[in-house]
Amino acid sequence: MSLQESTRRLVRQGVLGVLAAQVAAVVSLMGADRVRRLLRGRRIPDLEPARPVSHEIADGSVATTYTYGAVLFDDMLAAIASAKRRILLETYIIKGDEMGRRFKQALIDAADRGVDVYVIYDQFANLVVRPSFLTFPAPVNVLRYPLISSWKFLSPRHLGRDHRKILVVDDEVAYVGGYNIGSSYATEWRDTHLKIEGPAVWDLDNAFVDFWNTHPERTTDRITQLPAAGWRPEIRAHRNVPRQLMYPIRGMYLEAIDRAHISIDITAAYFIPDSDILEALLDARRRGVRVRIIVPKVSNHVVTDWLSRGFYGRLLRAGVEIHRYADHMVHAKTATIDGEWTTIGTANIDRLSLLGNYEINLEILDAGLARGMEQIFSDDCRKCEQLSLDEWMRRPVLARVYEAILKPLGPLL
């Protein structure tokens with residue numbers, strides 16, 4: 001055997017060995033997580049209810065933050081029940097449980113009384129939901145974002161999922177944020193959603209209409225768009241549109257982090273930053289900016305937790321504070337910088353969200369809203385366990401091995 005052939009063989013065996021180790025690591029982690037959930041053997045305790053808080057924005061809009069799903073869902077259902085002209089609902093997940101049935105019936109009732117109802121959901125995210133539940137009667141217009149959206153499914157234009165969560169009612173009130181629709185999200189998950197009333201509704205309305213009108217599987221007439229909005233800068237919607245290879249949310253984060261000079265507070269359900277975002281956060285610390293990040297202590301995707309751990313060492317050594325939310329799944333996608341800038345939306349800080357999925361985040365320049373978000377962050381920190389560098393350095397050798405094996409998967413997620 002020649003040296004060249006021997007080298008190729010060794011490389012091939014090495015690659016296969018790494019892949020086998022990664023598969024084994026993923027399977028073992030998922031198995032251990034499954035056992036943990038079974039041994040827990042109890043229902044997750046309900047979160048402490050929290051009231052929504054409203055802020056007037058300089059452009060004439062009113063922004064209301066929700067951190068308790070049951071209250072949010074009641075308000076969304078009330079808005080649907082009061083609709084007179086049009087309802088636009090886009091959701092990544094709609095569970096076939098009690099809460100999902102409430103939303104489905106509310107949409108059907110609205111359509112029966114003459115309201116134009118449009119619904120978008122992601123097929124992949126709802127594979128575990130009975131197909132019959134996702135079938136709506138004819139008055140409701142439904143667009144299913146398909147499991148495979150095109151024969152060009154390997155193209156980056158067609159790989160992303162529709163991960164957005166938007167509700168717009170009568171072009172007057174709109175909701176956006178991290179909450180999917182389901183009973184467990186109502187009381188067991190810590191998430192953040194925003195309601196907008198006023199001029200800024202246009203951005204969310206337009207995002208839904210553009211998606212519907214340009215989708216190749218649309219079977220209805222085009223939806224009429226609202227007249228163009230003004231150019232007030234206080235609230236802007238940033239939309240990731242894979243079909244157009246447009247991913248502005250990542251740029252929004254990088255620009256905001258680069259401007260920070262006092263504080264950066266990030267709450268991230270899944271925190272797997274790319275090299276640019278990681279370096280931007282480290283640069284902020286070098287400038288003396290206080291950087292705090294809230295992540296789940298244990299999320300609903302255990303492999304993601306371990307991939308996130310691969311960044312903790314550099315962050316902690318730089319003085320970044322890592323707070324791990326205990327007891328409940330924190331699913332929010334928010335950030336507040338310098339007490340002036342806030343983003344709330346659907347995008348996680350990982351590759352799938354920032355360079356893959358259809359996502360939408362609002363960028364809000366308002367000190368009042370930012371102060372409210374800083375208070376929410378402080379309240380959440382009291383329910384977290386702060387991870388120290390000493391504690392991190394004392395983690396078991398086996399944990400370090402898992403982190404090293406899984407690290408190459410980071411760019412994929």
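Everything below is about the structure shown above.
The shown structure was predicted, so the numbers you read here are calculated from the model rather than taken from an experiment.

Here is what the cut-offs are and how they apply
Residues numbered from 1 in each chain as written. Predicted model: local features only at pLDDT ≥ 70, side-chain atom pairs only at ≥ 80, totals over all residues. Heavy atoms only, no water. Axes fitted to C-alpha atoms, helices over the stretch in contact; angles between N-to-C directions. Helix = DSSP H or I, 4+ residues; strand = E, 2+ residues; numbered from the N terminus. Parallel < 35°, antiparallel > 145°, perpendicular 65-115°, else oblique. Left-handed = near helix turned anticlockwise from the far one by under 90°. Contact = heavy atoms within 4.5 Å. Nonpolar A, V, L, I, M, F, W, Y, C, P; charged D, E, K, R; others polar. Core = buried A, V, L, I, M, F, W, Y, C linked by side-chain atoms within 4.5 Å. Buried < 20%, exposed > 50% of the residue type's maximum accessible area, 1.4 Å probe, protein only. Domains from an automatic or database assignment. Phe/Tyr/Trp six-rings, centres within 6.5 Å; stacked < 30°, edge-to-face > 60°. Lys NZ or Arg CZ within 6 Å of the ring centre and 35° of its normal.

Asker: Looking at this model, I keep getting lost on the packing of helix α6 (residues 248-259) against helix α7 (residues 275-286). Mind explaining?
Answerer: Helix-helix packing is characterised by the crossing angle of the two axes and by the distance between the axes. Interhelical geometry of α6 versus α7 gives an angle of 15° and a closest axis separation of 9 Å. One finds that α6 runs roughly parallel with respect to α7. Our pair here, α6 against α7, has a crossing hand that is left-handed. Contacts from R250, L254 and I257 of α6 reach α7 at D276, I277, A280 and L281. When the residues that make up the contact of α6 with α7 are grouped by side-chain class, the tally is five nonpolar, no polar and two charged.

Asker: Even after reading the chapter, I still don't get the nonpolar core, so can you show me in this structure?
Answerer: The nonpolar side chains of a soluble globular protein tend to be buried with one another. Core analysis: the biggest nonpolar cluster contains 51 residues, and F73, I87, F103 and V117 have the highest contact counts within it. Split by domain, this core shows at least three residues from each of two domains, domain 1 (55-235) and domain 2 (244-412). Other than its neighbours up to four places away in sequence, F73 contacts M99, F103, Y179, N180, I181, G182, Y185 and A186. Among the nonpolar cores identified, the runner-up in size contains 43 residues, and M252, V295, W306 and A347 belong to it.

Asker: Please clarify how the packing of aromatic side chains should be interpreted in this entry.
Answerer: Each aromatic ring pair is described using two quantities: the centre-to-centre distance and the angle formed by the ring planes. Summed over the entire model, instances satisfying the criterion amount to eleven aromatic pairs. Ring geometry for Y312 and W392: centres 5.3 Å apart, planes at 65°, overall edge-to-face. One end of the pair, Y312, is in helix α9 (residues 312-317); the other, W392, is in helix α12 (residues 389-393), with 80 residues separating them in the sequence. Exposure class is identical for Y312 and W392. Each is buried. Ring-pair connections join several aromatic residues into one group, and the members of that group are F73, F103 and Y179. Directly above the ring of F136 sits K104, whose terminal nitrogen or CZ lies 5.4 Å from the centroid. Between R395 and the ring centre of W392, over which it is positioned, the NZ or CZ distance is 4.0 Å.

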